[in-house]
Amino acid sequence: MTKKIALLAVSLGWMGSLIWAQPRALTRHMRITQSTSFRKALYHLDGGRDLQEPVLEIHGDHITVDFGQSVLQGSNRQQDPDAFFGLAILVHDCRQVTIRNLKVRGYRVALLARNVQDLVLENCDLSYNYRQHLQSTQQKEDLSDWLSYHHNEQDEWLRYGAAIYLKDCDRAVVRDCRVTGGQNALMMTRCQGCLVYNNDFSFNSGCGIALYRSSGNRILYNRLVFNVRGYSDGVYYRGQDSAGILVYEQSSRNLFYKNNVTHCGDGFFLWAGQSTMDSGEGGCNDNLVYANDFSYAPTNGIEATFSRNRFVDNRVVECDNGFWGGYSYQTVVSGNQFLRNRTAIAIEHGQQNEISYNLFYRNGQAIHLWSRASQPADWIYAQKRDTRSQGYVIGRNNFTGNDEAFHLSGTDSLQVFGNLFQDAAGVRYRLDSTVHGLDTVQEDLAAVELFDDSTLAPPPPISHPADPFRGMGGLAGRRHILITEWGPYDYRSPILWNTNPTDTGSLLHFDIRGPQGRWRVKTLRGVDSLSATSGTVPGALEARRIPGERTDILIELEYTGSELVTPLGQAVAAGRPYRFSFRRFFQPVSWQVRWYPLDTTRYNPLRSGSLFPEGALPDTLATDHPRQLDYAWWGGLRAGGSQHPRFITVATGEADLEPGDYTLGVTWDDAVRVYVDGRLVLDEWDPSRYNFDDASPHKQVSIHLAGNHTFRVEHLELGGFAALGVRLERTGP
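Residues numbered from 1 in each chain as written. Predicted model: local features only at pLDDT ≥ 70, side-chain atom pairs only at ≥ 80, totals over all residues. Heavy atoms only, no water.

What about the overall build of the protein chain?
(1) Moving on: Counting secondary structure elements, the protein chain contains five helices and 60 strands.
(2) Moving on: The C-alpha atoms of the protein chain give 29 Å as radius of gyration, which agrees with the globular expectation for 733 residues (27 Å, within 12%).
(3) Moving on: Considered along the principal axes of its C-alpha atoms, the protein chain spans approximately 105 × 80 × 60 Å.
(4) Moving on: Here the protein chain holds 733 residues, and the buried ones make up 55% of them.
(5) Moving on: Counted over contacts in the protein chain with a minimum sequence separation of 6, partners at least 24 positions apart contribute 62%. (Helix = DSSP H or I, 4+ residues; strand = E, 2+ residues; numbered from the N terminus. Rg over C-alpha atoms; globule rule 2.2 N^0.38 Å. Buried < 20%, exposed > 50% of the residue type's maximum accessible area, 1.4 Å probe, protein only. Contact = heavy atoms within 4.5 Å.)

Spelled out as structure tokens, the structure:
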């Protein structure tokens, strides 16, 4: 009898373990403390309105959580990515946790890990989460789109959302993961000794990989292409501080090896950090950036400032600056290929840097070194550090087909030797009397040291390294960066792309790009003729706009053909019709703009509410009569031969509008109020609500308008950078 009971107990225990091993269903507010697997399913689970209430919490040591390719879908009543909210998964205060086969979309943050040692993320797809709605257009940049990653001591980066955010997660491994159609892919704060490899973080509007106070990490074999915003081919190339790889604030001794980082705002963006600016100490030092591709950046292929690092055997093609190294010191730039950049290497106030064994091919300037006459008196960094431009060793480089090989000013003590010049039509040296100690003859100890340099050994091997460079040849060149209202176009759906956006003539030229298929016209407005009413993709189209001051153009096409994925991540089966369109609207307003001086020590409109003291209207500084308000001032308003860092803007306007629903969009810095027909519709009169070191704020107001309307804009600038932009957009069909 005893044996039977024992056998029964063992049998029941075995059956219980079988039951536990069966894949589970995922529910909201689930807390996981032991190894778990989930059955594959689509789970519609909204997160909390902030990041304090995750859908799923993981808190347990030595566990594996296998999601079995399940999809967590958040923000289920929202379609626009800038409205996504909530946190899908929180992992915290544990060790040796493996998360695999997870898919998350529709959240502000997909996965947040805090104080997790030896975390492993593998084979996860965290695409199509939060991203901003960009206000810049093909014709004009909007300053509200600028990013700022300078501060993250209080997790300020989370305001931009993230697919993966790791904080205090030492020795984490992130491999074979994918993030696209978001803003920031992987963000790491105070993470040491991590391994990030074989991931695809591409076509996002912020950063591919970002490090803050994170050192000793290895970033290998990742595809990080098209992490970009702020670009319109042939119109403006700003990047707006987007980057493929971002390295900030005392992130040192990291290895970046064989990553594909093309078509990003900056390819590699390194900045020492605010603590270095405030103390003159530290930096993002001793990083090795080796054998990567940083080509086709609208701004800098590589930016590395106020720090000491090595950049070896990288490829940098067709950027504004191939390498920007402001205030860099003891930095080695060796064995790189710089091709067709405006300036290949640009360094202001650099010290003891080595530039050797590089190929400079058909750049505007190959090497530009310079300094300013003085530094700001209140800048602590300049008080603590040597900021002279001096002490360069430049040897064994190949200069071929550049307009200028060297452009030098304000620089001392340069040893330039052993270089090969094949710039028959170019200028070899352009310099002035501020250059001293240029030695192009003696090959002393520095030359011997260059001869002794050897090729760097590759890092220790990893199993099955990916080839992140495969299949990118067809997208070579910056012209393939197409920025839409939701970020970079990813070539997985058809798009009607205007190729002459600033042309004021009657003809509009379009490329029709995307997967192979056919298109036909469905809707036309604002144009009176097309070059064709159907055709193939890829293809081209011309349209003639209907003349007039007011522009309201809609060209809607229907596509049938290959399987595609929409810009918001929805899959459309092959042969199923899909509509895509081009829209442009401009409503001119007859504005009268006046500027007045502002002295808040005598009278403060922020406190009183009214612009001026009763009965004391000051003299006008300047006037303007534009059709659209779109201003930006660096250092103040220039009027009457003087610079006015503080000023008041008063703009009154009138327009006759077609009946319909409109969006009134306003970008400003520092305070603004907007009235329509005497009614206050936007009240942003409290600058303390915003951090203007970030970007100029932007707000939109939905309003129904018909016929003649009046507008009034009141704006205050309190010093520093200033902006004011007002734009009407037609909404609906």
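Okay, back to it.
A closer look at the sheet that holds strand 35 (residues 398–400)
Whenever strands of a sheet pair, they do so through backbone hydrogen bonds, lying parallel or antiparallel.
(1) Moving on: Overall, parallel pairing links the five strands, which are arranged 26-29-32-35-38 in an open sheet. Edge strands, defined here as strands with exactly one partner in the open sheet, are strand 26 (315–317) and strand 38 (420–422). Each adjacent strand pair in this sheet contributes to an overall mean axis angle of 5 degrees, direction not counted.
(2) Moving on: Alignment of strand 35 against strand 38, held across three bridges, turns out to be parallel. By the bridge assignment for strand 38, Asn398 is matched with Leu420. (Pairing = 2+ DSSP bridges. Axes fitted to C-alpha atoms, helices over the stretch in contact; angles between N-to-C directions.)

Notes on the pairing of strand 45 (residues 527–530)
(1) Moving on: Taken together, the three bridges between strand 45 and strand 46 (residues 534–545) define a ladder with antiparallel strand orientation. Along strand 46, the bridge assignment pairs Ser529 with Arg544.
(2) Moving on: Remark: three residues form the turn of the hairpin made by strand 45 and strand 46, two consecutive strands paired antiparallel.

Structural notes on the environment of Val527
(1) Moving on: Structurally, the position occupied by Val527 is in strand 45.
(2) Moving on: Between the C-alpha atom of Val527 and that of Thr551, which follows or precedes it by 24 residues, the distance is 9.7 Å.

Overview of the environment of Phe268
(1) Moving on: Tracing the chain through its elements places Phe268 in strand 22 (residues 266–271).
(2) Moving on: With a relative accessible area of 0%, Phe268 lands in the buried category.

Thoughts on the pairing of strand 53 (residues 629–633)
(1) Moving on: Only one face of strand 53 is buried, namely the one carrying Leu629, Tyr631 and Trp633, since none of Asp630 and Ala632 on the opposite face is buried.
(2) Moving on: Pairing analysis gives five bridges linking strand 53 to strand 60 (residues 722–730), with the strands arranged antiparallel. Among the inter-strand pairings, Asp630 is bridged to a residue of strand 60, identified as Gly725.

A few points about the nonpolar core
(1) Moving on: Core analysis: the biggest nonpolar cluster contains 85 residues, and Ile89, Ile99, Leu102, Leu126, Leu166, Phe268 and Ile367 have the highest contact counts within it.
(2) Moving on: Ignoring anything within four residues of it in the chain, the contact list for Phe268 reads Ile245, Val247, Phe256, Val289, Phe294, Gly301, Ile302, Glu303 and Phe311.
(3) Moving on: If you look at the next biggest cluster of nonpolar residues, it comprises 32 residues, including Tyr631, Ala655, Trp668 and Leu724. (Core = buried A, V, L, I, M, F, W, Y, C linked by side-chain atoms within 4.5 Å.)

Here we look at the confidence of the model for the protein chain
(1) Moving on: The share of residues in the protein chain with pLDDT of 70 or more is 95%, and the mean pLDDT across the chain is 93.
(2) Moving on: Here residues 1–20 is modelled with pLDDT under 50, and outside its nearest four sequence neighbours on either side it reaches three contacts, counting other chains as well. (pLDDT = per-residue confidence, 0-100.)

Some points on the pattern of salt bridges
(1) Moving on: Applying the stated criterion across every chain, the model contains 31 salt bridges.
(2) Moving on: One salt bridge in this structure joins Arg114 and Asp155, with 3.7 Å as the shortest N-O distance. Residue Arg114 is located in strand 8 (residues 109–117), and its partner Asp155 is located in the loop between strand 9 (120–122) and strand 10 (162–167); the two are separated by 41 residues in the primary sequence.
(3) Moving on: Between Arg525 and Asp552 there is a salt bridge whose closest N-O contact spans 3.4 Å. Of the two residues, Arg525 is situated in strand 44 (residues 507–525) and Asp552 in strand 47 (residues 551–561); the sequence distance between them amounts to 27 residues. (Salt bridge = Lys/Arg side-chain N within 4 Å of Asp/Glu carboxyl O.)

Looking at the packing of aromatic side chains
(1) Moving on: Considering all chains together, one arrives at 38 aromatic pairs under this definition.
(2) Moving on: Both rings, one in Trp157 and one in Tyr212, keep their centres 5.4 Å apart while their planes meet at 75 degrees; by these two values the pair is edge-to-face. Here Trp157, found in the loop between strand 9 and strand 10, pairs with Tyr212, found in strand 16 (residues 207–212); they are 55 residues apart in sequence, far enough to count as distant. For the residue pair Trp157 and Tyr212, the accessibility class agrees, reading buried in each case.
(3) Moving on: Note on Phe338 and Phe360: the rings are 5.5 Å apart at their centroids and 10 degrees apart in plane angle, and the pair reads as stacked. Pair noted here: Phe338 is in strand 29 (residues 337–339) and Phe360 is in strand 32 (residues 359–361), with a separation of 22 residues, a long-range link. Of the two residues examined, Phe338 and Phe360, each falls in the buried class.
(4) Moving on: Members of the aromatic cluster, connected to one another through ring pairs, are Phe338, Phe360, Phe399, Phe406, Phe421 and Tyr429.
(5) Moving on: Here Arg49 stacks its cationic end above the ring of Phe85, 3.7 Å away from the centre of that ring.
(6) Moving on: The ring of Tyr130 is capped by Arg108, whose NZ or CZ atom sits 3.9 Å from the centre of that ring. (Phe/Tyr/Trp six-rings, centres within 6.5 Å; stacked < 30°, edge-to-face > 60°. Lys NZ or Arg CZ within 6 Å of the ring centre and 35° of its normal.)

What about unusual backbone geometry?
(1) Moving on: Looking along the chain, the bond that leaves Val537 and enters Pro538 is cis, with omega of 0 degrees.
(2) Moving on: Structurally, Pro538 can be placed in strand 46.
(3) Moving on: Cis geometry is adopted by the peptide bond preceding Asp670, which originates at Asp669 and carries an omega value of 25 degrees.
(4) Moving on: Counting through the fold element by element, Asp670 comes out in the loop between strand 56 (647–669) and strand 57 (671–676).
(5) Moving on: We note that Ser75 has phi near 50 degrees; this positive angle belongs to a residue other than glycine.
(6) Moving on: Locating Ser75 in the fold gives a position in the loop between strand 5 (63–73) and strand 6 (87–95).

Side note on the side chain of Ser205
(1) Moving on: By the secondary structure assignment, Ser205 is in the loop between strand 15 (200–201) and strand 16.
(2) Moving on: For Ser205, a relative accessible area of 1% puts it in the buried group.
(3) Moving on: Other than its neighbours up to four places away in sequence, Ser205 contacts Arg131, Leu147, Gly182, Gln183, Val228, Arg229, Ser242, Gly487 and Pro488.

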